[in-house]
Amino acid sequence: MSEKKQYAVGIDLGKKYAQISYRYLSGEEGEITHVPLCLCKRIGANQWFYGEEAQRFAASGKGILIENFYGKDTDRGDDGIMVEEKEMERGELLWLFVRHCLSRVLPYKENAEGKSLVITVESLTEPMLHELRLIKQKLQDEFEEISFEPRMESLFHYVVHQPKELQSYETCVVDFSHDHLEIYRVEMKQKTRPVLTSISKQVYTNVNIPRQFGSIKDKDAYMAKLDEKMEDVLNGFMEGRIVTSAYLTGKALEKEWYPETIKLLCRNRRVFLDSVLYAKGACLGALSRLGHGESEKGYLYLGEGKLKEHIGVVDMEQGKQTIKILMEGGCNWFEAKTEFLFMPGEDGHLPIVLKPLNGAKERIVPLVLPDRKERDLKSLRYRCSLSMKSERELLVQVEDVGFGEFYGPSGKRYEEVILLGGGL
């Protein structure tokens, strides 16, 4: 019996569409583009339709079309959506959609072995993380590893896998996947080891495409002016900088309405069009998590969602103070956690070490432990849990676990929050 083929998947959940990229570990790859981000439930039955099929079925009048069911940026009191007098969680609806996306992937149909799945979204807000964690819980038996990342990180994975000559200086990404223009600047500090990579974004809401036009003539005239406006914006964006490569992404850029912008971009640089850029980046990130990311070795991305400091404690080894790093910087902050047992020093403190990855000065924060006058200091033993409450807030939880047969656990817990890059 032959072994199952193994594969990784990246899914990009945009505002209007989902994009899917998959790759077998043996090298073959594929993609599915522009899946409308919507669901439709047949009236009076538990039958669901997805994407374009959902739009067609809803148009027939036999079903209820459900859109805008994920990605709210603010905390919600109304966490659910009413579907035929039944409230459904947004995360449940998103799970139904993602399951459909996976069902269209060739390796999934072939019952191949899912090794890694990465879902990429605009931004990892707390409501978004809540919905994605529900998906992870439901898919945990189908993939060995499931992760989430913001689009900027998927962009990092994509760019570092391109030929080295395209990374000499800056990379520009022109994104028209929304109703307006967004431009990313990718900068790599080639002289640092590892190569620190930063990505910044500029949003131009005034460079936009209306959903409807009065006539074809009106549309042609508007798009010609939009080309001029976009050329002007990009000229200012790149002025005084060396940009060696540019990538175009977004459904709007698949049509040839912007010749002046293309002329500007093609001046002394390589230009590529890839509408599945973020999904491909997510898939490459999924492979990297499996140890197949040779191109990423020697690079470090410190963008949104990343823990930007090494976190550890001051420890004593053979009578000498040493620093023991317990949470490595560069990982996703929402996945960073650790637990350890310790006995306090003579001052009754737990020294927390914060070591910024950008080379800034290291900090030691002495966490003051509660005074236990009824116990000798050498009989105190604690369990400490470190986790991230947010991207900049380190939660430290300390619990008394007792001391063998002499002292039982008191059950008392103490908490402190340390602000990264700041103080208590």
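In the block above lies the structure referred to throughout.
Trainee: So what exactly am I meant to see when it comes to the overall build of the chain here?
Mentor: Per the secondary structure count, the chain includes eight helices and 24 strands. Dimensions of the chain along its principal axes, counting C-alpha atoms only, are 85 × 60 × 55 Å. Counting all 424 residues of the chain, 49% fall into the buried class. The long-range fraction of contacts in the chain, counting pairs at least 24 apart against all pairs at least 6 apart in sequence, stands at 62%. Between the averaged position of the 60 positive side-chain charges in the chain and that of its 67 negative side-chain charges there is a distance of 1 Å.

Trainee: Can you help me understand the pairing of strand β11 (residues 170-175) in this one?
Mentor: Regular strands show a simple pattern: their side chains alternate between the two faces of the sheet. When you tally the buried positions in β11, you get six out of six residues, the bulk of the element. Residues of β11 alternate between two faces, with Glu-170, Cys-172 and Val-174 on one and Thr-171, Val-173 and Asp-175 on the opposite face, all of them buried. For β11 and strand β14 (residues 243-249), the ladder comprises six bridges, and the chain directions are parallel. Residue pairing for β14: Cys-172 is matched across the bridge by Ala-246. Bridge count between β11 and strand β12 (residues 180-189): five bridges; the pairing is antiparallel. Across the sheet, the residue bridging to Thr-171 is Val-186, located in β12. Counting the residues between successive antiparallel strands, the hairpin from β11 to β12 contains four residues.

Trainee: Help me understand the packing of helix α2 (residues 90-103) against helix α4 (residues 126-139), please; the structure alone is not making it clear to me.
Mentor: Any two packed helices are characterised by the angle at which their axes cross and by the distance between the axes. At a minimum axis separation of 9 Å, α2 and α4 run at an interaxial angle of 50°. Classified by the angle between their axes, α2 and α4 sit oblique to one another. In this structure, α2 meets α4 at a crossing whose hand is right-handed. In this structure, α2 contributes Arg-90, Gly-91, Glu-92, Leu-94, Trp-95, Val-98 and Leu-102 to the contact, and α4 contributes Met-128, Glu-131, Leu-132, Leu-134, Ile-135, Lys-138 and Leu-139. Here the contact of α2 with α4 is composed, by residue class, of nine nonpolar, one polar and four charged.

Trainee: Can you walk me through α2 in this structure?
Mentor: Note: α-helices contain 3.6 residues per turn, so residues at a spacing of three or four share the same orientation. For α2, built from 14 residues, the straight-helix expectation of 20 Å at 1.5 Å per residue is met to within 8% by its first-to-last C-alpha distance of 20 Å. With 11 of its 14 residues buried, α2 lies for the most part within the structure. Among all positions of α2, only Arg-90, Gly-91, Leu-93, Leu-94, Trp-95, Leu-96, Phe-97, Val-98, His-100, Cys-101 and Leu-102 are buried.

Trainee: Got a minute to help me understand the nonpolar core in this structure?
Mentor: Here is a general trend for soluble globular proteins: nonpolar side chains tend to be buried in one another's company. One finds Leu-13, Phe-69, Ile-311, Ile-352 and Leu-394 to be the most contacted residues of the largest nonpolar core, which totals 68 residues. Per-element accounting of this core gives the leading share, eight residues, to α2. Counting residues in hydrophobic clusters, the runner-up holds 24 residues, among them Val-174, Leu-181, Val-243 and Leu-248.

Trainee: Just to check I follow, could you spell out the pattern of salt bridges for this structure?
Mentor: Note on pairing: side chains with opposite charge can pair once their charged atoms come close. Under the counting rule described, the total for this entry stands at 28 salt bridges. A salt bridge links Arg-289 to Glu-149; its shortest N-O distance comes to 3.4 Å. Here Arg-289 is found in helix α8 (residues 277-289), whereas its partner Glu-149 is found in strand β10 (residues 145-150), with 140 residues between them in sequence. Relative accessible area serves as the criterion here: at 26%, Arg-289 is assigned to the partly exposed category. Take Glu-149: its relative accessible area is 0%, and that puts it in the buried class. For Lys-306, the salt bridge identified is with Glu-153, shortest N-O distance 2.7 Å. A residue pair is termed long-range when its members are at least 10 positions apart, and Lys-306 in the loop between β16 (299-301) and β17 (309-317) and Glu-153 in helix α5 (residues 151-160) qualify at 153 residues. The network of salt bridges with common partners includes Asp-12, Glu-122, Arg-151, Asp-175, Glu-182 and Lys-201.

Trainee: I would appreciate a short explanation of the sheet that holds strand β3 (residues 29-36) in the present structure.
Mentor: Strands in a sheet are paired, the pairing made by backbone hydrogen bonds, and the direction either parallel or antiparallel. Spatially, β3-β2-β1-β9-β10 is the arrangement adopted by the five strands of the open sheet, whose pairing is mixed. The two strands at the open ends of the sheet, each matched to only one other strand, are β3 and β10. Strand after strand, the sheet turns through a mean of 15° between neighbouring axes, direction not considered. Note: strand β9 (residues 113-121) against β10, six bridges, orientation parallel. If you follow Ile-119 over to β10, its bridge partner there is Phe-148. Of the strands in this sheet, β1 (6-13), β2 (17-24), β3 and β9 are in contact with α2, which crosses β1 at around 135°.

Trainee: Mind showing me how you'd approach the packing of aromatic side chains here?
Mentor: Scanning the entire structure with this criterion turns up 14 aromatic pairs. Ring geometry for Tyr-7 against Phe-143: centres 5.8 Å apart, planes inclined by 70°, an arrangement best described as edge-to-face. Of the two residues, Tyr-7 sits in strand β1 while Phe-143 sits in the loop between α4 and β10, which places them 136 residues apart along the sequence. Exposure remark for Tyr-7: the relative accessible area of 2% places this residue in the buried category. Here Phe-143 falls in the buried class, since its relative accessible area comes to 3%. Note on Phe-340 and Phe-342: the rings are 5.9 Å apart at their centroids and 50° apart in plane angle, and the pair reads as tilted. According to the relative accessible area criterion, Phe-340 is buried, its value standing at 15%. What makes Phe-342 buried here is its relative accessible area of 11%. Grouping aromatic residues by their ring pairs yields a cluster made of Phe-148, Trp-333 and Phe-334. Above the face of the Tyr-24 ring, Lys-5 is positioned so that its terminal group lies 4.1 Å from the ring centre. Geometry around Phe-237 places Arg-185 over its ring, the cationic atom sitting 4.0 Å from the centre.

Trainee: When you look at unusual backbone geometry in this model, what are you seeing that I'm missing?
Mentor: Cis geometry is found at the peptide bond from Arg-193 to Pro-194, where omega equals 0°. Looking at the secondary structure, you find Pro-194 in the loop between β12 and β13 (195-208). In this model, Glu-84 sits at a positive phi of 50°, which is unusual for a non-glycine residue. With respect to the helices and strands, Glu-84 occurs in the loop between β7 (80-83) and β8 (86-89). Glu-84 sits in the partly exposed class, given a relative accessible area of 34%. At Asn-268, a position not held by glycine, the phi torsion is positive, near 65°.

Rules behind the numbers
- Residues numbered from 1 in each chain as written.
- Predicted model: local features only at pLDDT ≥ 70, side-chain atom pairs only at ≥ 80, totals over all residues.
- Heavy atoms only, no water.
- Helix = DSSP H or I, 4+ residues; strand = E, 2+ residues; numbered from the N terminus.
- Buried < 20%, exposed > 50% of the residue type's maximum accessible area, 1.4 Å probe, protein only.
- Contact = heavy atoms within 4.5 Å.
- Lys, Arg positive; Asp, Glu negative; His and termini not counted.
- Charge placed at Lys NZ, Arg CZ, Asp CG, Glu CD.
- Pairing = 2+ DSSP bridges.
- Axes fitted to C-alpha atoms, helices over the stretch in contact; angles between N-to-C directions.
- Parallel < 35°, antiparallel > 145°, perpendicular 65-115°, else oblique.
- Left-handed = near helix turned anticlockwise from the far one by under 90°.
- Nonpolar A, V, L, I, M, F, W, Y, C, P; charged D, E, K, R; others polar.
- Expected span 1.5 Å × (residues − 1).
- Core = buried A, V, L, I, M, F, W, Y, C linked by side-chain atoms within 4.5 Å.
- Salt bridge = Lys/Arg side-chain N within 4 Å of Asp/Glu carboxyl O.
- Phe/Tyr/Trp six-rings, centres within 6.5 Å; stacked < 30°, edge-to-face > 60°.
- Lys NZ or Arg CZ within 6 Å of the ring centre and 35° of its normal.

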